[in-house]
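A look at the structure
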Amino acid sequence: MSRPSFHSIYMRLAELMSERSTCVRTNSSGQLMQVGCAIVSADFRRVLSIGYNGNAAGLPNKCDSTEVGACGCIHAEENAVISCQAARSEDKIVFCTHLPCKACAKRIIQLGGVREVYYRKDYRLKDSLMLFTDPNVSITVGHLFDVDVEKDEAQQVAAEALTKWQLEKRG
């Protein structure tokens, strides 16, 4: 009998959380940008926080605007960081349905104790990969592009994506 890895389980949790999203923003392919996030303890024993993109609690469950890039929704990672009550010193692993934007990457870094960040879907901008791999931050990043991807392969794919993006930026 084959058991799912903890990485697979928590990525699925992030994907389930994304289903609660009320954001109607779409990407360049016309797909809804429903994003979910799960922050877990490094030993995988506890879920520390969860989040999805949508409006603030108590406000209408809809975007503030239909203007591209200005929907007004709180990002999934931001919601998870705001709700995380774990100590900064506690080691954490973050699972996101999408590669976090630069602002959310900074929030994840500021949370403290984050050792690894995994994402399923790519994002057009790779600034967050630069932040996560900064020598002063040293967060391992992995692209879990498939359910059966192992941790090492996921980390290699993310490193290759960063290298490719850096070369394209220079070129």
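This write-up is about the structure you can find in this document. (Residues numbered from 1 in each chain as written. Predicted model: local features only at pLDDT ≥ 70, side-chain atom pairs only at ≥ 80, totals over all residues. Heavy atoms only, no water.)

1. Section: the sheet that holds strand β2 (residues 47-52)
- Strand order in this open sheet of five strands is β2-β1-β3-β4-β5, and the pairing throughout is mixed. Edge positions in the sheet fall to β2 and β5 (140-143), since each of these pairs with one other strand and no more. Along the sheet, successive strands turn relative to each other by an average axial angle of 15°, direction set aside.
- As judged from the four bridges shared by strand β4 (residues 114-121) and β5, these two strands associate in the parallel manner. Pairing of Y119 across the sheet is with H143, part of β5.
- Sheet strands in contact with helix α5 (residues 151-170) are β4 and β5, and its direction is about 95° off that of β5. (Pairing = 2+ DSSP bridges. Helix = DSSP H or I, 4+ residues; strand = E, 2+ residues; numbered from the N terminus. Axes fitted to C-alpha atoms, helices over the stretch in contact; angles between N-to-C directions. Contact = heavy atoms within 4.5 Å.)

2. Side note on the pattern of salt bridges
- Following the criterion strictly, the structure yields six salt bridges and no others.
- One salt bridge in this structure joins E15 and R120, with 2.8 Å as the shortest N-O distance. Here the residue E15 occupies a position in helix α1 (residues 6-18), and R120 occupies one in strand β4, the gap between them amounting to 105 residues.
- What makes E15 partly exposed here is its relative accessible area of 25%. (Salt bridge = Lys/Arg side-chain N within 4 Å of Asp/Glu carboxyl O. Buried < 20%, exposed > 50% of the residue type's maximum accessible area, 1.4 Å probe, protein only.)

3. Focus: the environment of V141
- Structurally, the position occupied by V141 is in strand β5.
- For V141, a relative accessible area of 7% translates into the label buried.
- Sequence-wise, V141 and L129 are 12 residues apart; in three dimensions their C-alpha atoms are separated by 7.4 Å.
- Excluding residues within four positions of it along the chain, V141 makes contact with V117, Y119, L129, F132, A154, Q155 and A158.

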